[in-house]
Amino acid sequence: MVIPAHGGYRNLQSYQMATISYDFGLEFANKYIGTRSRTHDQIVQALRSGKQNIVEGSMASGTSKKTELTLLGVARASLEEALQDAEDYIRQHQLQVWSKTDPRSQEIRNLAYKSDKSYTTYMSYLETSESAANCLLCNINQTN
């Protein structure tokens, strides 16, 4: 075999959570940041880049492990950028960052273990800007 098996990214937990983070992050940005804001574009594009670089890395794995690792590193860096944007939003709006051990964070984190999860699993967290931003933080951290 000239090119070994590659791809399969749809089965990766990181890809699944990156997709949820992207979809949820888009809803968050549309609702709380506004589509005319540069921050909206930045957070949405960083989340998209995180997801898409997982795809590209997985597809490149058949021909170059170095490229695969590079693209996965880019994915993590993009997700970190989106994480910082969400933290900035919380700080700038004088909202509370929920700790990792906060029961609300634990509830969000436990949703990642559902087998049939999608971004709609997290939709109830869009009710307030604080819960939405903290849900996005949890999702991005779990993706990374």
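Residues numbered from 1 in each chain as written. Predicted model: local features only at pLDDT ≥ 70, side-chain atom pairs only at ≥ 80, totals over all residues. Heavy atoms only, no water.

This part takes up the overall build of the chain. When its secondary structure is counted, the chain shows 5 helices and 0 strands. In sequence order, the chain lays out its α and β elements as α-α-α-α-α. Each principal axis of the C-alpha atoms in the chain carries an extent, and together these give about 55 × 35 × 25 Å. Relative to its full complement of 144 residues, the chain shows a buried share of 42%. Counting only contacts in the chain whose residues sit at least 6 apart along the sequence, the fraction spanning at least 24 positions is 71%. When the accessible surface of the chain is split by element, carbon and sulfur atoms take 50% of a total near 8000 Å². Each charge sign in the chain was given a centre, from 15 positive and 15 negative side chains, and these centres are 5 Å apart. (Helix = DSSP H or I, 4+ residues; strand = E, 2+ residues; numbered from the N terminus. Buried < 20%, exposed > 50% of the residue type's maximum accessible area, 1.4 Å probe, protein only. Contact = heavy atoms within 4.5 Å. Areas by Shrake-Rupley, 256 points an atom, 1.4 Å probe, with all protein chains shown as cover. Lys, Arg positive; Asp, Glu negative; His and termini not counted. Charge placed at Lys NZ, Arg CZ, Asp CG, Glu CD.)

This part takes up the layout of surface pockets. The volume enclosed by the largest pocket comes to roughly 220 Å³. Considering the residues around the largest pocket, the lining is formed by Glu87, Val97, Trp98, Ser99, Lys100, Ser105, Arg109, Asn134, Leu137, Cys138, Asn141 and Gln142. At 5 residues, the largest contribution of residues to the lining of the largest pocket is made by helix 5 (residues 129-143). Residue composition of the lining of the largest pocket, by class: 4 nonpolar, 5 polar and 3 charged. (1 Å grid on protein atoms, 1.4 Å probe; cavity = no way out; pocket = protein on both sides within 12 Å on 5 of 7 lines; lining within 4 Å. Points joined across faces, edges and corners; volume = space filled by probe spheres on them. Nonpolar A, V, L, I, M, F, W, Y, C, P; charged D, E, K, R; others polar.)

This part is about the packing of helix 2 (residues 38-60) against helix 3 (residues 65-92). Two elements in contact, helix 2 and helix 3, have axes separated by 8 Å at closest approach and are oriented at 165 degrees. The angle between helix 2 and helix 3 falls in the class roughly antiparallel. Of the two possible hands of crossing, helix 2 and helix 3 adopt the one that is left-handed. The segment helix 2 lies against helix 3, with Gln42, Ile43, Ala46, Leu47, Ser49, Gly50, Asn53, Ile54, Glu56, Gly57 and Ala60 engaging Thr67, Glu68, Leu71, Leu72, Val74, Ala75, Ser78, Leu79, Glu81, Ala82, Asp85 and Ala86. (Axes fitted to C-alpha atoms, helices over the stretch in contact; angles between N-to-C directions. Parallel < 35°, antiparallel > 145°, perpendicular 65-115°, else oblique. Left-handed = near helix turned anticlockwise from the far one by under 90°.)

Let us now look at the state of the cysteines. Each disulfide is one covalent bond, formed between the sulfur atoms of two cysteines. Counted by the stated rule, this structure contains 0 disulfides. Cys135 provides the cysteine sulfur closest to Cys138, a residue in no disulfide bond, and the two sulfurs are 6.6 Å apart. Cys138 gets classed as buried once you look at its relative accessible area, which sits at 10%. (Disulfide = S-S within 2.5 Å.)

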